[in-house]
Amino acid sequence: MGNLNVTKLSRKKDKANYIHQLSKDIQALDYMLENDMIEKSPIRIGAEQEFCLVNDEFLPNNNSLQVLKEINDDHFTTEIGNYNLEANLDPFELTGDCFSKVHKQLKSLMDKAKSAAEKYNTKIILTGILPTLSLKHISIDNMTPIQRYYVLNDAIKESRLQHFDIHIKGVDELNLLHDSVMLEGCNTSFQSHLQIDPDNFIRSYNWAQAISGPILSACTNSPFLFGKELWSETRIALFTQSVDTRTNSFLLNEKQSRVSFGSDWERGSVSDIFKDNISRFRSLLTAEFESDSIEVLKDGNIPKLKALSLHNGTVYRWNRVCYGVGGGKPHLRIENRYIPSGPTMKDEIANMMFWVGVMVGRPKEYDNIHEVMDFKDVKTNFFAAARYGLASQFIWEGKTISSQELILDVLLPMAYRGLYKMGVTPRDVENYLTVIENRVRMLNGSQWLSRSYRNLLRSKRPNEALQVLTANLYLKQEHDYPVATWEPLNKHATTSFDIDRRVRHMMNTDVFTVDKKDSLELVINIMRWKNIHHMPVIDDNKDLVGLLSWTDIVNNIEAIEDSTECVQHFMKEDLITINKEKCIHEAQMIMQKNNINCLPVVKGRKLIGILTSNDF
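Calculation notes
- Residues numbered from 1 in each chain as written.
- Predicted model: local features only at pLDDT ≥ 70, side-chain atom pairs only at ≥ 80, totals over all residues.
- Heavy atoms only, no water.
- Axes fitted to C-alpha atoms, helices over the stretch in contact; angles between N-to-C directions.
- Helix = DSSP H or I, 4+ residues; strand = E, 2+ residues; numbered from the N terminus.
- Left-handed = near helix turned anticlockwise from the far one by under 90°.
- Contact = heavy atoms within 4.5 Å.
- Nonpolar A, V, L, I, M, F, W, Y, C, P; charged D, E, K, R; others polar.
- Salt bridge = Lys/Arg side-chain N within 4 Å of Asp/Glu carboxyl O.
- Buried < 20%, exposed > 50% of the residue type's maximum accessible area, 1.4 Å probe, protein only.
- Core = buried A, V, L, I, M, F, W, Y, C linked by side-chain atoms within 4.5 Å.
- Pairing = 2+ DSSP bridges.
- Arc of directions from axis to C-beta.
- Disulfide = S-S within 2.5 Å.

Q: Account for the packing of helix α3 (residues 98-118) against helix α10 (residues 345-360), naming residues and giving values.
A: As a packed pair, α3 and α10 sit with axes 10 Å apart at the nearest point and diverge in direction by 145°. Here the hand of the crossing between α3 and α10 comes out right-handed. Where α3 abuts α10, its residues Phe-99, Val-102, His-103, Leu-106, Lys-107 and Met-110 lie against Met-345, Lys-346, Glu-348, Ile-349, Met-352, Met-353 and Val-356. Its residues assigned to classes, the contact of α3 with α10 comprises nine nonpolar, one polar and three charged.

Q: Please set out the pattern of salt bridges residue by residue, giving values where relevant.
A: According to the stated counting rule, one finds 28 salt bridges in the structure shown. Salt-bridge contacts for Lys-114 lead to Glu-478; the nearest nitrogen and oxygen are separated by 3.1 Å. Taken as a pair, Lys-114 in helix α3 and Glu-478 in helix α16 (residues 462-479) lie far apart in primary sequence, 364 residues in all. With relative accessibility at 38%, the residue Glu-478 sits in the partly exposed group. Put simply, Asp-276 and Arg-280 hold a salt bridge, and the shortest N to O gap is 2.9 Å. Taken together, the residues Asp-276 and Arg-280, both in helix α7 (residues 270-280) and four residues apart, mark about one turn of the helix. Asp-276 sits in the partly exposed class, given a relative accessible area of 24%.

Q: Go over the nonpolar core with me, naming the residues and quoting the values.
A: Where a protein is soluble and globular, its nonpolar side chains tend to be buried together. Core analysis: the largest hydrophobic core is formed by 154 residues, its most contacted members being Ile-45, Phe-51, Leu-94, Phe-99, Leu-194, Trp-207 and Phe-354. The contact partners of Trp-207, leaving out residues within four places of it in the chain, are Val-358, Met-359, Arg-362, Tyr-366, Ile-369, Trp-396 and Met-414. Counting residues in hydrophobic clusters, the runner-up holds 15 residues, among them Met-527, Met-535, Val-537 and Val-567.

Q: Before we move on, could you go through unusual backbone geometry and cite the residues and values that matter?
A: A cis amide bond links Ser-41 with the next residue in sequence, Pro-42, at an omega value of 0°. By the element assignment, Pro-42 lies in the loop between α1 (12-34) and β2 (44-54). At Asp-36, a position not held by glycine, the phi torsion is positive, near 55°. One can find Asp-36 in the loop between α1 and β2. Looking at Asp-36, the relative accessible area reads 51%, which means it is exposed.

Q: Tell me about the pairing of strand β4 (residues 84-88), residues and numbers included.
A: Here β4 lies mainly inside the structure; five of its five residues are buried. Where burial is concerned, the two faces of β4 agree: the one with Asn-84, Glu-86 and Asn-88 and the one with Leu-85 and Ala-87 are both buried. Looking at chain direction, strand β3 (residues 76-78) and β4 are connected through three bridges and run antiparallel. Each residue of the ladder has a partner; that of Phe-76, found in β4, is Ala-87. Linkage of β3 to β4, two consecutive antiparallel strands, is achieved through a turn of five residues.

Q: Tell me about the pairing of strand β21 (residues 544-549), and please be specific about residues and values.
A: Remember that side chains alternate between the two faces of the sheet whenever the strand is regular. Among the six residues of β21, six are classified as buried, and the element is accordingly described as predominantly covered. The antiparallel pairing of strand β20 (residues 534-538) with β21 creates a hairpin that spans five residues between the two strands, and Lys-542 there sits at a positive phi of about 65°.

Q: Which residues make up helix α18 (residues 520-529), and what are the values?
A: Buried within α18 are the following residues: Leu-520, Val-523, Ile-524, Ile-526 and Met-527. Along α18, the residues classed as buried sweep out an arc of 160° about the axis, all on the same side. Among the exposed residues of α18, those pointing more than 90 degrees away from its buried face are Arg-528 and Trp-529. Looking one or two places after α18, you find Asn-531, whose phi comes out positive at around 55°.

Q: Could you give an account of the sheet that holds β21, naming the residues involved and the relevant values?
A: With mixed pairing, three strands are arranged side by side in an open sheet as β19-β20-β21. Two strands lie at the open edges of the sheet, namely β19 (514-515) and β21, each paired on one side alone. Bridge count between β20 and β21: five bridges; the pairing is antiparallel. Residue pairing for β21: His-534 is matched across the bridge by Ser-549.

Q: Hey, could you go over the state of the cysteines for me, with residue numbers and the actual values?
A: Overall, the coordinates contain zero disulfides when judged by the stated rule. Of the cysteine sulfurs around Cys-52, a residue in no disulfide, the closest is that of Cys-186, at 9.5 Å. Lacking any disulfide linkage, Cys-598 is separated from the closest cysteine sulfur, that of Cys-583, by 19 Å. According to the relative accessible area criterion, Cys-598 is buried, its value standing at 4%.

What follows is the structure in structure tokens.
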């Protein structure tokens with residue numbers, strides 16, 4: 001859940017105290033490892049469910065604290081976005097019907113959240129990135145009003161000294177400058193935890209790295225961000241850039257991002273992973289510490305290593321090492337952070353079982369995976385999976401193999417053997433791993449979303465298509481049938497709610513513009529070639545300064561003889577414009593009242609779309 005009572009690390013005295021506490025935590029961890037104090041068995045699993053809150057139109061609903069208060073359950077906590085919450089499940093021993101128990105508790109918690117949310121006309125969506133998110137939802141105004149998030153935002157911004165430059169290229173391309181870490185609030189995941197024997201930790205961690213790409217390829221569920229179709233798992237690209245403390249410069253930047261896959265195989269002990277993180281990344285936050293960990297050990301108690309955990313909470317490895325204390329005993333675990341939320345609870349439990357099964361089913365020949373595979377191949381596999389999902393080609397033991405072949409022929413059999421070895425009931429194993437097999441043979445979450453959205457765009461503008469897509473996603477989630485059984489939506493798909501139609505639902509965003517200094521001959525040709533009746537005119541600052549209509553050209557055709565004439569001599573400068581959030585009926589009345597057939601849609605002085613009489 002993280003420590004919510006934190007402050008920014010700025011004063012010299014606070015920094016010195018925090019480093020002292022951090023050093024003591026590392027010493028205490030080393031002591032516990034050397035003296036065999038860390039729990040080795042039984043092995044337990046756990047999970048964290050992040051989810052989105054939406055209103056009746058399936059747009060983000062900024063009421064997480066109200067819903068959280070209504071839920072009134074310590075299993076739940078906040079996220080950075082005020083339209084997200086998180087449920088923390090109890091740990092279960094890895095044996096018997098443990099995955100069914102996780103599923104049962106998850107359903108119970110989600111039912112509790114749904115009941116609380118309904119009182120505020122709110123629904124719950126499980127998805128990696130909510131399709132209906134827009135830029136206005138990632139402003140600082142939508143940050144959950146809790147100290148920790150503001151402090152983290154200030155600390156990262158202070159470290160960067162410049163805005164966040166987001167660039168993601170997929171089917172579409174996103175270029176964005178943003179002024180806060182609220183982009184992190186776009187991502188929701190289903191984080192799985194697996195307890196690891198400390199004697200076997202480095203081997204297990206390296207194995208977790210090696211299998212990340214293939215596991216992720218079957219689980220991708222986040223192809224959209226702000227209406228752009230990007231990666232199969234866009235969360236990976238977005239999160240890496242959204243909390244990056246590195247600055248852009250003309251010098252080659254060799255520093256590692258706070259969100260990273262890593263740069264090499266791990267060696268030594270689990271303590272060395274923590275030490276590497278501390279060496280690479282400076283502390284951003286601090287909190288109150290009661291006593292140092294060495295003194296706690298001397299008193300015969302188990303320390304919680306609060307300073308180390310706080311630092312670890314600001315370093316976001318996709319496979320993150322975690323230290324915890326449960327039942328008075330210290331333990332170590334790996335937290336899988338790359339698997340997205342959704343599309344259904346059953347899909348999520350299947351993802352978790354698949355990962356855990358492959359982790360515990362590792363054959364002996366992969367004990368020293370760093371001698372079998374090149375780390376850069378493993379890292380390439382991970383980002384290939386994030387980009388292309390089940391269409392990925394992987395490098396496995398030096399050979400190229402398709403995602404489907406690697407999962408079906410190698411990893412699924414490995415998962416079956418591992419789970420049976422741990423005593424997981426065959427009924428559970430077959431129930432959930434069949435979900436993975438069917439998904440690999442048919443389609444996963446990102447494929448369903450992409451195919452459905454493309455179909456919807458054949459009959460709808462993007463904003464309406466995204467709302468219809470999200471509404472149908474919600475309806476299918478309610479049945480909890482795995483995504484492999486879903487038929488992609490067709491272009492005529494509708495919803496059970498009435499969309500409050502606004503300008504953004506009908507405006508055209510694929511707009512041709514011209515500069516006011518462009519030659520009129522060029523503009524006339526463009527309008528003829530593209531069958532355009534209205535041409536927006538912009539200046540050097542990309543501000544909207546005029547509008548040229550085909551009527552203007554026809555009425556002045558005799559005056560247009562000199563090919564050197566430029567646009568500004570004929571354009572209209574006294575423009576009537578509208579905001580994208582205005583009601584569509586208001587736009588229609590404005591056009592009728594002023595006897596115009598074109599209404600530019602602006603944000604400030606920037607053109608973001610155009611609405612014409614043909615759109616009605």
